[in-house]
Every structure is written in structure tokens, then in C-alpha cells.
Amino acid sequence: MGHAIVPGSFDPVTFGHLDIIQRASTIFDRVTVAVVANRAKAPLFSIEERTEMLREVCSDLGNVAIGSFEGLLVEYARECGATVIVRGLRAVSDFEYELQMAHMNRHLSPDVETVFMMTGTEHSYLSSSIVKEIARLGGSVEGLVPKSVRERLRQKVAQ
Ligand code: ADP
């Protein structure tokens, strides 16, 4: 089914993201997970750290590559040769923003299709921001992010 791109901030990657990436990897021949360098949000982890964490947790997925980009997503998709954008949907609250992005990306590049995947029920409450908040407040993020990410979060909030 071609080459799909899974874009996001991944600050840091959670089990919710991993669920979408794993499922996309069974549907598409190739998947590129693309870390967005978005200056508007102040990230906890650098682009390099976010990319590294994704490489670690996706290492067993043979058809998944990790990249990062600045600028327009559709341009990056074109550079990679990807024709599908995969986004995860958790709740209705995600929908309006995602709809706007999908319409705008189609306007910019009609040959790139956006596909939505419903989150696994057990991940529907999960976001990178809530994970960071819990870690900052000293709570356990076990079951929310992979072990290697847990370790990095611990180091980061201790700094
Ligand atoms: P962005 O800042 O672009 O929304 P995120 O890293 O928050 O980046 O999310 C990347 C993608 O993963 C988005 O499509 C988002 O909807 C999806 N996603 C985030 N958390 C979850 C989750 N718990 N379950 C499923 N999809 C998720």
C-alpha cells in the first residue's frame, strides 16, 4: 500500500504513538515517522533526543524509518516519496484541528492523502503533555511510555 508518513512532535513518544506507528507498519509497505521541528511549542526534548527515542522504540519494525523536518509537511512527504499522511485520533477534541490540517494539506498538495486511525481504547487518554506533567510532578509513567523513554524523562526532570 505504498509509503506513509506519521508526523508529530513526539515530545516524547508514548505507547499511543507506538500503537499508531505499529498499525501503520502493517498496512503500508514503508512508514516514515517524521519529527516536526516546531518552534511555536517549547519542547522538553531536542529534535535529536526525540529522534533517538523513536529509533530505539521502533528498532524491531523493519519497514519503519525515522526522520525529522522543518517547514511544510507536504514538502517533506514529497521529498520522501510518501503519498499518505497518517494521523491518530483520540477524541472529538482532536477532530477539528485535524480536519483543518487535512484540508489545508490537500489544498497544498492534492496528491497526498490524509488517513486517520482511531487510537487504541487504552491509549485514548494519553498524550505527551500529560506524560511530561506527571513526570515533572514525580509520578510514575509506567505503562504510558516505553522503558527507555521513562529513563530519559527521569533524567530530564532531574536536571
Ligand atoms: P502533534 O503536535 O503534531 O499533534 P503529537 O506528537 O502530539 O504531535 O502527535 C502525533 C500524532 O500522534 C498525532 O496524529 C496524534 O493525534 C497522535 N497521537 C498522540 N497521542 C496519541 C494516542 N494516545 N493515541 C493515538 N494517537 C495519538
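Quick word on the site of the ligand
Step number 1: Around the ligand there are 14 residues in total, and Ser9, Lys41, Gly88, Thr119 and His123 lie nearest to it.
Step number 2: Interatomic distance of 2.5 Å between a backbone N/O atom of Gly88 and an oxygen atom of the ligand.
Step number 3: One nitrogen or oxygen atom from the main chain of His123 is found 2.8 Å from a nitrogen atom belonging to the ligand.
Step number 4: Protein coverage of the free-state accessible area of the ligand, which is 550 Å², stands at 90%.
Step number 5: With respect to the pocket detection grid, the ligand is positioned in the largest pocket.
Step number 6: Of all elements in the fold, only strand E1 (3–8), helix H1 (15–27) and strand E4 (84–89) reach the threshold of two or more residues within the shell around the ligand.
Step number 7: Considering every element that reaches the shell around the ligand, the biggest residue donor is H1, with three residues.
Step number 8: Residue composition of the shell around the ligand, grouped by class: four nonpolar, seven polar and three charged.

Quick word on the packing of aromatic side chains
Where two aromatic rings form a pair, the distance of their centres and the angle of their planes describe that pair.
Step number 1: Within the structure shown, the criterion is met by one aromatic pair.
Step number 2: Aromatic side chains Phe69 and Tyr76 sit 4.9 Å apart centroid to centroid with 15° between the ring planes, which places their arrangement in the stacked category.
Step number 3: The exposure class of Tyr76 is buried, given its relative accessible area of 12%.

Conventions used here
- Residues numbered from 1 in each chain as written.
- Predicted model: local features only at pLDDT ≥ 70, side-chain atom pairs only at ≥ 80, totals over all residues.
- Heavy atoms only, no water.
- Near = heavy atom within 4 Å.
- Polar contact = N/O pair within 3.5 Å; in protein donor to acceptor, adjacent residues only side chain to side chain.
- Areas by Shrake-Rupley, 256 points an atom, 1.4 Å probe, with all protein chains shown as cover.
- 1 Å grid on protein atoms, 1.4 Å probe; cavity = no way out; pocket = protein on both sides within 12 Å on 5 of 7 lines; lining within 4 Å.
- Sits in = over half its atoms within 2 Å of the grid points.
- Helix = DSSP H or I, 4+ residues; strand = E, 2+ residues; numbered from the N terminus.
- Nonpolar A, V, L, I, M, F, W, Y, C, P; charged D, E, K, R; others polar.
- Phe/Tyr/Trp six-rings, centres within 6.5 Å; stacked < 30°, edge-to-face > 60°.
- Buried < 20%, exposed > 50% of the residue type's maximum accessible area, 1.4 Å probe, protein only.

In short, shape yes, function no, at least from these values alone.
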